[in-house]
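# Structural overview for review
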Amino acid sequence: MTQQGTLGVAVIGTGKMGADHVRRINDVISGARVAAVVDIDEARAKAVADTADGCQAFTDPAAAMAAPGVDAVLIASPGPAHEAALLSAFEHDLPVLCEKPLTPDSASALRVLEAEQRLGHRRVQVGFMRRYDTEFMKLKALLAGGELGRPLLLHCRHRNASVHSYFTNEMMITDSVVHEMDQSRWLLEQEIAAVTVLKPTPSSLSPEPLSDPQLVVFETTGGAIVNVEIFATCGFGYQVQAEAVCERGTARVGDAHGMLVNRPGTWGGEIAPDFVARFEEAYDREVQSWVNATRRGEVEGPSTWDGYAATAVSEAGVRAQATGRRTVVEMIERPAFYS
Ligand SMILES: NC(=O)C1=CN([C@@H]2O[C@H](COP(=O)(O)OP(=O)(O)OC[C@H]3O[C@@H](n4cnc5c(N)ncnc54)[C@H](O)[C@@H]3O)[C@@H](O)[C@H]2O)C=CC1
Ligand SMILES: O=C1[C@@H](O)[C@H](O)[C@@H](O)[C@H](O)[C@H]1O
């Protein structure tokens, strides 16, 4: 860190999310600066480095982590690249904000979990940004307060206008529904015990190889049921909604984010085009909170354990998607290190 305590961040991956985080650290966040960016696409790394004063461009994450002025790492490369970047950050003993998923499969997530324990102290906050969204935070507080009684059902909708051209059926679970896997664990304070995936006849508009939409059902250890509609290419906008049905009432978030307008003959609101717009404030709060905790020498927020647990559930989800059968989640006991 500089004498003023400004955190020098290396951002790994400068695609849609990475470039947005670079803008955020440059323009919105206090106490941090972008010291380095990394992308296997050198031209993209250089173009994004040019947007930040004194920022160096790299194509190798390990080289960026060893560069002078780098105190912390924000990983925004695709999920399959996260394990190598996390293990490299541990070698340099650097604090990390790792975009979700921690990794796409539970064997690699377990290797990361074990490596952090060998390091002897927590280093990772996982980018489950819904935990930092005002609406979801209010729902969490309401459920935790107990006024509505025990949650029985959680109805979730997760709609993207479109997804990357490299998106696969498995990614509908490992990259998209992994948010609801973390959200359900966090809101209900229970683990997910089993997953079932149902596939209606796909939309005639869904691009190969996607079978879009899908309905994913979780059974929790406390007996609650969660259902998630994932519609990755709905075309009309970005919508994330959740409704908890409890013993003494229900509570719903995500219906209208933004303005509601009455006009002759119509009533309604806006639909965000994508996650960057819908969750802008949540990402700001998430990254600021990571920077603040890191500058205090602390680690907060969703942990490597939360990342592993969500990945274990998503692995069961991928199996359930392939077989059409209810699939039990297999995960290790929570180590005392993460209690
Ligand atoms: N929290 C959230 O709401 C969101 C999280 N994400 C997560 O952010 C990550 C990135 O997603 P997008 O930006 O949408 O992907 P993207 O495809 O737009 O960008 C990924 C970038 O990483 C680069 N890259 C690939 N392998 C690399 C490696 N080994 N080292 C360095 N750079 C590498 C690519 O060249 C590309 O520029 C993923 O983990 C994704 O799940 C993405 C969207 C929203
Ligand atoms: O994390 C995200 C993307 O990676 C994912 O592909 C989208 O489905 C999610 O809505 C978005 O929040």
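Definitions and limits used
- Residues numbered from 1 in each chain as written.
- Chains lettered and ligands numbered in written order.
- Predicted model: local features only at pLDDT ≥ 70, side-chain atom pairs only at ≥ 80, totals over all residues.
- Heavy atoms only, no water.
- UniProt positions renumbered as here; feature names shortened; annotations may be inferred.
- Helix = DSSP H or I, 4+ residues; strand = E, 2+ residues; numbered from the N terminus.
- Buried < 20%, exposed > 50% of the residue type's maximum accessible area, 1.4 Å probe, protein only.
- pLDDT = per-residue confidence, 0-100.
- Core = buried A, V, L, I, M, F, W, Y, C linked by side-chain atoms within 4.5 Å.
- Domains from an automatic or database assignment.
- Contact = heavy atoms within 4.5 Å.
- Patch = residues over 30% accessible without salt bridge, like charges linked within 9 Å, V, L, I, M, F, W, Y side chains within 5 Å.
- Areas by Shrake-Rupley, 256 points an atom, 1.4 Å probe, with all protein chains shown as cover.
- Salt bridge = Lys/Arg side-chain N within 4 Å of Asp/Glu carboxyl O.
- Disulfide = S-S within 2.5 Å.
- Expected span 1.5 Å × (residues − 1).
- Arc of directions from axis to C-beta.

Once that is clear, we can look at the UniProt feature "domain: Gfo/Idh/MocA-like oxidoreductase C-terminal" (unreviewed entry) in the chain. Following the UniProt record, one finds the feature "domain: Gfo/Idh/MocA-like oxidoreductase C-terminal" (unreviewed entry) at residues 140–328. The distance separating the terminal C-alpha atoms of residues 140–328 is 26 Å; by composition the span is 35% helix and 28% strand.

Below, the discussion takes up the UniProt feature "domain: Gfo/Idh/MocA-like oxidoreductase N-terminal" (unreviewed entry) in the chain. According to UniProt, the "domain: Gfo/Idh/MocA-like oxidoreductase N-terminal" (unreviewed entry) feature falls on residues 8–128. With 40% helix and 22% strand, residues 8–128 has end C-alpha atoms that lie 22 Å from one another.

Before going further, it helps to spend a moment on unusual backbone geometry. Cis peptide bonds are those with omega within 30 degrees of zero, and the linkage from Lys 100 to Pro 101 qualifies with -10°. Mapped onto the elements, Pro 101 comes out in the loop between strand E5 (96–99) and helix H5 (106–119). With phi around 50°, Asp 93 is a residue other than glycine that occupies positive phi space. Assignment of secondary structure puts Asp 93 in the loop between helix H4 (82–91) and E5. Given the relative accessible area of 30%, Asp 93 is considered partly exposed. If you check the backbone angles, Glu 189 has positive phi at about 55° while not being a glycine. In this fold, Glu 189 is placed in the loop between helix H7 (169–188) and strand E8 (192–198).

Okay, the confidence of the model for the chain next. The predicted model of the chain has a mean per-residue pLDDT of 97, with 99% of residues at 70 or higher. Among the scores for the predicted complex, ipTM is 0.99 and pTM is 0.97.

Quick look at the nonpolar core now. Buried together is how nonpolar side chains tend to be arranged in soluble globular proteins. Residues Val 195, Val 216 and Phe 218 are the most contacted members of the largest nonpolar core, which totals 77 residues. Of the residues forming this core, the biggest block, nine residues, is contributed by H7. No fewer than three residues from each of domain 1 (7–130 + 281–302) and domain 2 (134–274 + 311–338) sit in this core. Aside from chain neighbours lying at most four places away, what touches Val 216 is Ile 173, Val 177, Val 195, Thr 196, Val 197, Val 226, Asn 227, Val 228 and Ile 230. Listed in part, the 21 residues of the second largest apolar core include Leu 7, Ala 32, Val 34 and Val 37.

A contiguous nonpolar patch, built from Leu 152, Leu 153 and Ile 225 and spanning about 200 Å² of accessible area, is present on the exposed surface. Tracing the backbone shows Leu 152 in strand E7 (residues 151–159).

Let's shift gears to the state of the cysteines. As used in these notes, a disulfide is a covalent bond between sulfur atoms, one from each of two cysteines. Inspection of the entire model under this criterion finds zero disulfides. Unpaired in this structure, Cys 98 has its nearest cysteine sulfur neighbour in Cys 55, at a distance of 19 Å. Relative accessible area serves as the criterion here: at 0%, Cys 98 is assigned to the buried category.

This part is about the pattern of salt bridges. Applying the stated criterion across every chain, the model contains 24 salt bridges. Notably, a salt bridge pairs Asp 20 with Arg 24, separated by 3.0 Å at the nearest N-O pair. On the criterion of helical spacing, the pair formed by Asp 20 and Arg 24 is a turn pair, its members being four residues apart in helix H1 (residues 16–27). For Asp 20, a relative accessible area of 9% puts it in the buried group. Arg 130 is the salt-bridge partner of Glu 180, the closest N and O atoms lying 2.9 Å from each other.

To continue, consider helix H6 (residues 134–145). Between its first and last C-alpha, H6 extends 16 Å over twelve residues, near the 16 Å set by a 1.5 Å rise per residue. When H6 is considered as a whole, its buried residues turn out to be Glu 135, Phe 136, Leu 139, Lys 140 and Leu 143. Buried residues of H6, seen end-on, are gathered within an arc of 140° and therefore sit on one face of the element. Exposed residues lying more than 90 degrees from the buried face of H6 are Lys 138, Ala 141, Ala 144 and Gly 145. At its buried positions, H6 is contacted by E7, H7, strand E11 (239–246), strand E12 (249–253) and helix H8 (275–278).

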